[in-house]
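Observations on chain architecture
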Amino acid sequence: MTFSLHRLYLNLFLPALMAVLLHTTAFAQSGGAAAQRLKVMTYNIRIASPPSKGWGYTDLPAIAAVINREQPDLVALQEVDAFTDRSGKQSHQARELGKLTGMEYHFAKAIDRSNGDYGVAVLSRYPIEKAESFRLSTVSGHPEAETRAAAVVTVRTPMGRVVFISAHLDHLSDADRSHQIGQLNNILHRYRKRPVILGADLNAVPNNPVISQLKLAMPCTRCPLTFPADHPDRTLDYLMLNQRAGKAFERHNYHAVAEHYASDHFPLVMELTMNH
């Protein structure tokens, strides 16, 4: 192995190895307490194109570094590319982030974009038992309205099986967001007998009546600001629980992570423990 290849290997895979070791060490030092805590994140990654660099520049290691610092067990990702001209025809961003973080992945395509695929994804520190993809259509007829996607996985965690969903709603109209929420509610109904956690960029602020149509509990009264990352002034991103998850889990440390470089959204994090 040449020096340059050795250095590339260290840069790409050492962070993922360290993430796994840190997670294992935290568990051992806590006497097993880590097994009774689930940390989840939602993160609109802007196709890993840092706003300060402009479109056409991709920095996936920066996204992976944010995830590795926070050490979540489950991550919902939005605005994810696969094999596009703009992000690299050899680049499957969800798969690469899985390698860089030591996590399993599932990608759900929404639309064709830049001669490739564009959608949402999930990363999981626990084995993915089942993975499904859904498209969320629009009705407005607006020429720039976008079909969006939901990535749904079932994972077995130390706190039991949970369903984890990553979703992204249209950015232009409440009519399309309302229609997409209706489709999302149909997906949630399919999993109503299991604890469900949704991580999503809803492209709507908390007092938008459209959000009340979603059959999940609003997680906050003064929700963390998540957009834009340089000067956040609104909440667009959420972590939500269905009724069964709300009964099973207690929420802790619901907050945005002040990461200004990697994307135009802040990642949002929440920890869950068993509700005794």
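This text goes with the structure placed above it.
In this report, we go over the structure that sits alongside the text. Along each chain, residues carry numbers from 1 onward, in the same order as the chain's sequence is written. Where local features are concerned, this predicted model is filtered to residues with pLDDT of at least 70; where side-chain atom pairs are given and counted, the filter is 80 or more; whole-chain, interface and lining totals use all residues. Based on all heavy atoms of the structure, the side-chain values leave hydrogens and waters out of the count.

Regarding helix H3 (residues 93-101)
- Only protein chains enter the area calculation, which uses a 1.4 Å probe; residues under 20% of their type maximum are buried, those over 50% are exposed, and those in between are partly exposed. The helix count covers DSSP runs of H or I at least four residues long, the strand count covers runs of E at least two residues long, and both are numbered beginning at the N terminus. Here H3 has its buried residues at Gln93, Ala94, Leu97, Gly98, Leu100 and Thr101.
- Directly after H3, the chain includes Gly102, whose backbone phi takes a positive value near 70°.

Some thoughts on the pairing of strand E2 (residues 74-84)
- Burial of E2 is extensive: ten of the eleven residues sit out of reach of the surface.
- A strand pair is defined by DSSP finding two or more bridges across the two strands. By the bridge criterion, five bridges tie strand E1 (residues 37-44) to E2 in an arrangement that is parallel. Its bridge partner being in E2, Tyr43 is matched across the sheet by Leu77.
- Pairing analysis gives two bridges linking E2 to strand E3 (residues 88-92), with the strands arranged antiparallel.

Focus: the state of the cysteines
- Pairs of cysteine sulfur atoms within 2.5 Å are what we label disulfides. A complete count under the given rule lists one disulfide for this structure.
- The disulfide partner of Cys220 is Cys223, and the gap between their sulfur atoms is 1.9 Å. One quick way to see it: the torsion about the S-S bond of Cys220 and Cys223 is about 90°, and its sign makes the bridge right-handed.
- Residue Cys220 is classed as buried on the basis of its relative accessible area, which comes to 13%.
- Judged by relative accessible area, Cys223 falls into the buried class, the value being 11%.

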